[in-house]
Amino acid sequence: MIPNKKGYFGEFGGKFVPETLMSALRELEKEYSRARADKKFNQELRHYLGQYAGRPTPLYFAQRLSKKLSGIKVYLKREDLLHTGAHKINNTLGQALLAVRMKKPRIIAETGAGQHGVATATVASLFGLQCDVYMGTEDIHRQALNVFRMKLLGARVIPVESGSKTLKDACNEAIRDWVTNVRDTHYIIGSVVGPHPYPLMVRDFQCVIGKEAKRQIFKEEKRLPDYLLACVGGGSNSIGLFHPFFKNRRVKFIGVEAEGLGLSSGKHAATLVKGDLGVLHGSKSYLLQDKDGQINIAHSIAAGLDYPGVGPEHAYYKRIGRARYAAVSDDEALEGFSLLSEIEGIIPALESAHAIAYLRKIAPRLGKNKIVIVCLSGRGDKDIDIVKDVLKIKD
Amino acid sequence: MRMNRIDKKFKELRRQKKKALISFITCGDPNLTTTYQLALEFDRGGTDILELGVPFSDPLADGPVIQAASGRALKNKVNLASVFGLVKRVREKSEMPIALLTYYNIIYRFGIKNFVKQARLAGVDGVIVPDLPVEEARELIKEARKGKLATIFLLAPTTEAKRIRQICSASSGFIYYVSLTGTTGVRKTLPEELKRRLRQIKRITAKPVCVGFGISSPQQAAEAAAVADGVIVGSAIIKVIERNLGHKDLVSKVAEFAGRLRGAL
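Let me begin by describing the structure that accompanies this report. A quick note: this is a predicted structure, and the numbers were derived from the prediction, not measured.

1. Concerning the overall build of chain B
Next up, step 1: Counting secondary structure elements, chain B contains 12 helices and nine strands.
Next up, step 2: Against the 2.2 N^0.38 benchmark of 18 Å for 265 residues, chain B shows a C-alpha radius of gyration of 17 Å, consistent with a compact globule.
Next up, step 3: Across its three principal directions, the C-alpha atoms of chain B cover 45 × 40 × 35 Å.
Next up, step 4: With 265 residues in all, chain B has 63% of them scored as buried.
Next up, step 5: If you take every contact in chain B between residues at least 6 apart in sequence, the share linking residues at least 24 apart comes to 73%.
Next up, step 6: Here chain B displays about 10,600 Å² of accessible surface, and carbon together with sulfur accounts for 51% of that area.

Structure, rendered in structure tokens:
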């Protein structure tokens, strides 16, 4: 079973944190394994996922897109329809219920695009928890709408001025806060990254995506899909879709990273495609780093992909060849964004637009009637301003 | 067989019934020449062990003061090779024990075997890795033992009794007790539980235990040293560097502060 007891997926994962956090991680591990086996906890989580977040989400057959893409059959897993607008709430609901179980009155989170921040602020308000969200000032600037939403929800948004002023630095600050306030605070990490048990726990909470999709595609097509496709930043929506199909060897996994301004420009976030092995934010995985081990600044037009690390389970999938990882550029992602908006009436998040863009690229090679499930991880309302600016320049 | 300089130092201090002053600076802050001068001044002024920070882009156990120091050092492109070069130069003039503090990715990227080898060749005596708990440190411990490099692990206020034993047995040189839950940085007061925790640790191990994090003044250093074998002062020293950036008398001002710390112990 992966991960093993020490939190390793093959050689990836582990627990690389300051000593002060070790007891909190152990407590979390214990409480999580208890909760996982607890009928009441699972019932409660299912209740909130259904009645509050809006699960199950549809598996929508995108007819016009399919026709346009050489006659493959494209199904969209509509996580964009969830409350708060992205898959992030699957995880924050689970972790907030855990925080309540552990009697921690305060939760903190890091956020890049603001989607995880909003999803955390939302559950904090739902369960009456105090909430602080760390966000780089660069991201605060480009995701102003989500900052406002978090504030409306009663959370405090703490600007992070250090380093690249984006997601990586927000993570550093959140960890520093946790080291300081570990006794009364639970840190809700938003992706399948961080020290054990986070990659395991966040994956489990996100697996609802793949489990539903499996049931739904069977009902619709009476067979498994040929391909699963999802964008990868830290990697939570993709692992959530992939993992339940892990043992179905014929189902191929494709993860799409952000190529930003191009792989050779140095301004990208293609960690699995271009990174090297290293240790950051609590686990061993692929990283964007220089020859001395200093972490490089990632770049993507999609703030949610703008991260120089990636979840250890993805690193493992890459190593054993279970998944294939590719990257598309900012410009291609924008084309994917426009394509889905125009042809299906669905405005995707720029993150999810990366998956659409890659699908468009490879569709002619896949073969007619191949079934592809794409995780549409979030909706694009948050990105309207960015897209408006860029497309204007192009006109 | 040669004894590790850190062990030798603590033996000597015990004989003299003295407490260790461990001074921390980041290598290359604000430049390598200053670090070289400070190292020699510290030695002259009674610092017992130099803790030298190797800068990392994402120092998540550090507060704003040491983060800024790392930032200044990284502007000078300081890396392990330049740190080893500096230690070699200091070794031509000084036998003061030197421990490196850095984050695990720096060592991992360099290669653990190679790191230990180069560290010993340069004259480094110990290593502290704040994001490497004992469970993940097997390879580093194995190589360090072979190279006679001390592995100094941290104990936190939240560490349970069973782990304290495990960490003490994996540690060599000394044990680094983190005085508070938090990052490095100056604090107004020391936590009340400090004495009780140190007594608990001293019952478990005979190895030297030194206290760091938050010690900001000679008075606090004296207070902490009363219950420990030594104190580690970092942010407070770096604040003096920060205040005197660009001034000719930076080195003498910092040395003077370290001297006052020595005087209080």
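2. Details of the pattern of salt bridges
All names here are of chain A.
Next up, step 1: Per the stated rule, a full pass over the model turns up 47 salt bridges over all chains.
Next up, step 2: Linking Asp132 and Arg106 is a salt bridge whose minimum nitrogen-to-oxygen distance equals 2.8 Å. With a gap of 26 residues between them, Asp132 in strand β6 (residues 130-136) and Arg106 in strand β5 (residues 106-111) connect regions that are remote in the sequence.
Next up, step 3: Measuring nitrogen to oxygen at the nearest pair gives 3.5 Å for the salt bridge that ties Lys168 to Asp169.
Next up, step 4: With relative accessibility at 1%, the residue Asp169 sits in the buried group.
Next up, step 5: What you see here is one network of salt bridges that share partners, running through Glu31, Arg34, Asp38 and Arg101.

3. With respect to the nonpolar core
Next up, step 1: A:Leu93, A:Trp178, A:Tyr187, B:Phe42, B:Leu52, B:Leu100 and B:Phe115 are the most contacted members of the largest nonpolar core, which totals 138 residues.
Next up, step 2: Element by element, the count of residues in this core is highest for helix α8 (residues 167-181) of chain A, at seven residues.
Next up, step 3: Each residue touching B:Phe42, except ones within four places of it in the same chain, is listed here: B:Ser23, B:Ile25, B:Thr47, B:Leu50, B:Met96, B:Ile237, B:Val254 and B:Ala258.
Next up, step 4: Among the nonpolar cores identified, the runner-up in size contains 33 residues, and A:Leu59, A:Val202, A:Ile209 and A:Ile217 belong to it.

4. Regarding the packing of helix α4 (residues 80-91) of chain B against helix α6 (residues 112-122) of chain B
Residue and element names in this part refer to chain B.
Next up, step 1: Where α4 contacts α6, the two axes come as close as 8 Å, and the packing angle between them is 25°. Considered as vectors, α4 and α6 are oriented roughly parallel to each other. Across the interface between the two elements, Leu80, Phe84, Val87, Lys88 and Arg91 from α4 touch Phe115, Gln118, Ala119, Leu121 and Ala122 from α6.
Next up, step 2: Residues belonging to the contact of α4 with α6 are distributed by class as follows: seven nonpolar, one polar and two charged.

5. Observations regarding unusual backbone geometry
Next up, step 1: For the bond running from A:Arg55 to A:Pro56, omega is -5°, close enough to zero to count as cis.
Next up, step 2: Here A:Pro56 shows up in the loop between α2 (39-53) and β3 (59-61).
Next up, step 3: With an omega of -5°, the peptide bond running from B:Asp29 to B:Pro30 counts as cis.
Next up, step 4: On the secondary structure map, B:Pro30 appears in the loop between β1 (20-26) and α2 (32-44).
Next up, step 5: Phi angles above zero are rare outside glycine, and A:Lys222 is one such case at about 60°.
Next up, step 6: Secondary-structure assignment places A:Lys222 in the loop between α10 (208-221) and β9 (227-231).

6. Some remarks on the packing of helix α11 (residues 235-243) of chain B against helix α12 (residues 250-264) of chain B
Residue and element names in this part refer to chain B.
Next up, step 1: Contact geometry of α11 with α12 gives a least axis separation of 9 Å together with a crossing angle of 155°. Taken together, the axes of α11 and α12 are roughly antiparallel relative to one another. Relative to α12, α11 is oriented so that their crossing is right-handed. Contacts from Ala236, Ile237, Val240 and Ile241 in α11 reach Leu250, Lys253, Val254, Phe257 and Leu261 in α12.
Next up, step 2: Considering only residue class, the contact of α11 with α12 consists of eight nonpolar, no polar and one charged.

7. Section: the pairing of strand β3 (residues 98-101) of chain B
Residues and elements named next belong to chain B.
Next up, step 1: Both faces of β3 are covered, namely the face carrying Ile98 and Leu100 and the face carrying Ala99 and Leu101.
Next up, step 2: Note: strand β2 (residues 49-53) against β3, four bridges, orientation parallel. If you follow Leu52 over to β3, its bridge partner there is Leu100.
Next up, step 3: Both β3 and strand β4 (residues 126-128) contribute to a ladder of three bridges, which runs parallel. Bridge pairing in β4 links Leu101 to Ile128.

Cut-off values and rules
Residues numbered from 1 in each chain as written. Chains lettered and ligands numbered in written order. Predicted model: local features only at pLDDT ≥ 70, side-chain atom pairs only at ≥ 80, totals over all residues. Heavy atoms only, no water. Helix = DSSP H or I, 4+ residues; strand = E, 2+ residues; numbered from the N terminus. Rg over C-alpha atoms; globule rule 2.2 N^0.38 Å. Buried < 20%, exposed > 50% of the residue type's maximum accessible area, 1.4 Å probe, protein only. Contact = heavy atoms within 4.5 Å. Areas by Shrake-Rupley, 256 points an atom, 1.4 Å probe, with all protein chains shown as cover. Salt bridge = Lys/Arg side-chain N within 4 Å of Asp/Glu carboxyl O. Core = buried A, V, L, I, M, F, W, Y, C linked by side-chain atoms within 4.5 Å. Axes fitted to C-alpha atoms, helices over the stretch in contact; angles between N-to-C directions. Parallel < 35°, antiparallel > 145°, perpendicular 65-115°, else oblique. Nonpolar A, V, L, I, M, F, W, Y, C, P; charged D, E, K, R; others polar. Left-handed = near helix turned anticlockwise from the far one by under 90°. Pairing = 2+ DSSP bridges.

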